[in-house]
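# Chain and residue survey
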Amino acid sequence: MANKFKLLITLSVLTGIGMISILGIWLYGSYNNRLDLFLSSAERSMFNVVQDVYQTHSNDLKSDQGGTLGKLRKALKAKYTDAEIDTLFKDFGPYYKQSKAGSSRGGKTMDYLIRTGNLEEK
């Protein structure tokens, strides 16, 4: 009778250990899946924020480009894509802002830089 009781206890303990092992593996996998889901969600949110900031900056830059730069943008639109024009105007941005602030102090204006094509001088 004692042997049957020991066998019964041993099988019960092994069954418990097996169930705990399976639950542990299942919980670990669930934890990893949730972690991956959280990281992808955070990455997507960060990408959306960066995209919104870039879009806002791009729209601000485009809205600042009235007058001569606006005319230039329209003329370039026939031959170039928006991405190429945006790259070009990103380089124009410092000159344009300087020409707005510095034209009264004898600085070269953006009109002059566009007419002469001399973009290296400030």
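## Digging into the overall build of the protein chain
For the protein chain, the helix and strand inventory stands at four helices and zero strands. Moving toward the C terminus, one meets the helices and strands of the protein chain in the order α-α-α-α. Counting every position in the protein chain, which comprises 122 residues, the buried fraction comes to 15%. Expressed as a percentage of contacts within the protein chain between residues at least 6 apart in sequence, the contacts between residues at least 24 apart total 48%. Roughly 9900 Å² of accessible area belongs to the protein chain as shown, and the carbon and sulfur atoms make up 63% of that amount.

## Details of a nonpolar patch on the surface
On the surface, a nonpolar cluster with roughly 590 Å² of combined accessible area is contributed by Phe5, Leu8, Ile9, Val13, Leu14 and Ile17. Along the chain, Leu14 falls in helix 1 (residues 2-63).

## Thoughts on the confidence of the model for the protein chain
On average, residues of the protein chain carry a pLDDT of 77, and 65% of them reach 70 or more. Helix 1 holds the highest mean pLDDT among the elements of the protein chain, 91, whereas helix 4 (residues 110-116) holds the lowest, 57. Segment residues 102-107 is flagged for pLDDT under 50; beyond a separation of four residues in sequence, or across chains, it makes three contacts in the model.

Cut-off values and rules
- The residue numbers shown here count from 1 along each chain, following its written sequence.
- Since the coordinates come from a predicted model, pLDDT governs what is reported: local features require at least 70, and pairs of side-chain atoms require 80 or more to be given and counted, while whole-chain, interface and lining totals use all residues.
- Note that water and hydrogens are dropped before the side-chain values are worked out from all heavy atoms of the structure.
- Numbering of helices and strands starts at the N terminus; helices are DSSP runs of H or I of at least 4 residues and strands are runs of E of at least 2.
- The cut-offs for exposure are 20% and 50% of the maximum accessible area for each residue type, with area from a 1.4 Å probe on protein chains only; residues under the lower value are buried, those over the upper are exposed, and the others partly exposed.
- Only heavy atoms enter the contact rule, under which two residues are in contact if any of them lie within 4.5 Å.
- Computed with the Shrake-Rupley method and a 1.4 Å probe, the accessible areas treat only the protein chains shown as cover for residues.
- Patches in this entry comprise residues that are over 30% relatively accessible and not in a salt bridge; like charges within 9 Å are linked, as are nonpolar side chains (Val, Leu, Ile, Met, Phe, Trp, Tyr) within 5 Å.
- By definition here, a salt bridge exists when the distance from a side-chain nitrogen of Lys or Arg to a carboxyl oxygen of Asp or Glu is within 4 Å.
- Every residue is assigned a pLDDT by the predictor, reflecting its confidence on a scale from 0 to 100.

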